[in-house]
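Structural overview for review
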Amino acid sequence: VNNINNNNNKQPPLTLPPPPPSPHLLASRGGGQHQDVLAVLSDMEARFRVYVYSDRDVPIGTVKEFPSPRDYKYAGETVFARALRQSAFATRDPWRASLFFMPFRCSAYRFSVRDRDEGQHVAEATVAAYVRYVAQHHPYWNASNGADHVYACAHDMGTSVANAADARLLRNAIALVNTADSGDPGYVPHKDVPLPPHTGDGCPTCLQGTAGNHPAPPLAAIPDPASRQPVAFFAGHLQGRGRVRPIMKHLYGTSDKPLRADTTTRRSGNIDATTPVAVELVEGSLDGEVYRARLLSSLFCLFLRGHRAWSPRLMDAVWYGCIPVIVSDGYDLPLHEGNLVDWHGMAVVVREADMPRLKDILEQVRSTRDLAAMQRALLAARHTLTWHDPPQPVDAFYGTMLALWRRAKQPPGT
């Protein structure tokens, strides 16, 4: 997070075309904003093509061999590949392509066996074989040393799936990952792309995630900040989960698991502004209805780094209008490029070193920032961060394609 504007890449930058305008910035100019956004997407669809290797092109790691696991946290790699194949961006003509997508599926390989370490080995070996086949049987990889090739790995292994493969996969190819951490030596900001986390449900056309197999509430049903309890809420495993959560547990303790879905919000009148912000940490999972109620009743929702920088809880906060408090140094937040999603306008970023001061920081935010404006920005970003089926303009799929377009070589014919 702190390195979001850090241009100190780990390798010389690729030769890129001028970046396309951001729909968010176009919209902010006012007047004809809807037409401007559609014009950007129309231009991208007209100029940008991606060659997608098929199972016939690369008969390794196929769907028949490795069925995709039904896990919302890691489904981004499958959802993106399916959406790309069905989109106007996909081409079977390699001479029209600006990028080449390798649709191997690290999550499927990992879960083909129960043992975690063995699953990692299977994933690494399968990806290595896939890339080796591409390099030996197709001319495109060697022509660019892999710099115009893209892959997706939504599993927590992230770019480490490339450990056993051609070194150019890690060094040159563009990775679409959940584990977008600038402190990870395998992740290169401005080359690799952070995926919008998990394919859960913010709408009737999406898959559902951690919020309990229910669509996100409509905007009219979301309490405003003045009606929410001054609580910074988190539910999940704390002990032994990375470097942040155990410290938070030590600093603030844990609360008993709430047993009832009582939102305790007040639709008329405001919560007493003198009530201090409390930190509510619940060890373990909650019943879905109770969890959703806490998302609706809490003013802040804690996004605490676990073993990895990312967490699906980020989208739960977005869908339920609970202002995210992000404690995960180095997390490269999804779709921030070009201000497509203005995270600093709708979330609170807290350095890990400042965890002991968390309450004071949130009190300052509460007294100095327009929380209603932050929530409006948060709810406006729901659409952009959500994977729709089929994709919709300026959603997670189109936002990811915009990020890839920025990294593509100059499109043919321009």
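Up top is the structure.
Quick look at the structure, then. These numbers come from a predicted model, not from an experiment.

**Notes on the overall build of the chain**
A count of helices and strands for the chain gives 14 helices and 11 strands. When each of the 414 residues of the chain is scored for burial, the buried share is 56%. Of all intrachain contacts in the chain linking residues separated by at least 6 positions in sequence, the fraction that spans at least 24 positions is 77%. Working note: accessible area of the chain is about 17,500 Å², and carbon and sulfur atoms make up 50% of it.

**A few points about the sheet that holds strand 8 (residues 278–283)**
Taking strand neighbours across the sheet as the criterion, the 5 strands line up as 8-7-9-10-11 in an open arrangement whose pairing is parallel. Both edges of this open sheet fall to strand 8 and strand 11 (348–349), since each of them pairs with a single strand only. Here strand 9 (residues 298–304) pairs with strand 10 (residues 323–327) via 5 bridges, running parallel. Its bridge partner being in strand 10, Phe300 is matched across the sheet by Ile323. In this fold helix 9 (residues 288–297) packs onto strand 7 (229–236), strand 8 and strand 9, with an angle of close to 115 degrees to the strand it touches most, strand 9. Sheet strands touched by helix 11 (residues 358–368): strand 7, strand 8, strand 9, strand 10 and strand 11. Its angle to strand 9, the strand with the most contacts, is close to 135 degrees.

**Quick word on the side chain of Thr179**
Looking at where Thr179 falls in the secondary structure, it is placed in the loop between strand 5 (174–177) and strand 6 (193–194). On the accessibility criterion, Thr179 (2% relative accessible area) is buried.

**Examining the pattern of salt bridges**
Considering all chains together, one arrives at 13 salt bridges under this definition. A salt bridge links Arg351 to Asp354, with the nearest nitrogen and oxygen atoms 3.1 Å apart. Taking the relative accessible area as the measure of exposure, Arg351 reaches 45% and is therefore partly exposed. Its relative accessible area of 13% is what places Asp354 among the buried residues. One network of salt bridges, in which partners are shared, links Arg351, Asp354 and Arg357.

Definitions and limits used
Residues numbered from 1 in each chain as written. Predicted model: local features only at pLDDT ≥ 70, side-chain atom pairs only at ≥ 80, totals over all residues. Heavy atoms only, no water. Helix = DSSP H or I, 4+ residues; strand = E, 2+ residues; numbered from the N terminus. Buried < 20%, exposed > 50% of the residue type's maximum accessible area, 1.4 Å probe, protein only. Contact = heavy atoms within 4.5 Å. Areas by Shrake-Rupley, 256 points an atom, 1.4 Å probe, with all protein chains shown as cover. Pairing = 2+ DSSP bridges. Axes fitted to C-alpha atoms, helices over the stretch in contact; angles between N-to-C directions. Salt bridge = Lys/Arg side-chain N within 4 Å of Asp/Glu carboxyl O.

Functional significance is not addressed by these values, which are geometric in nature.
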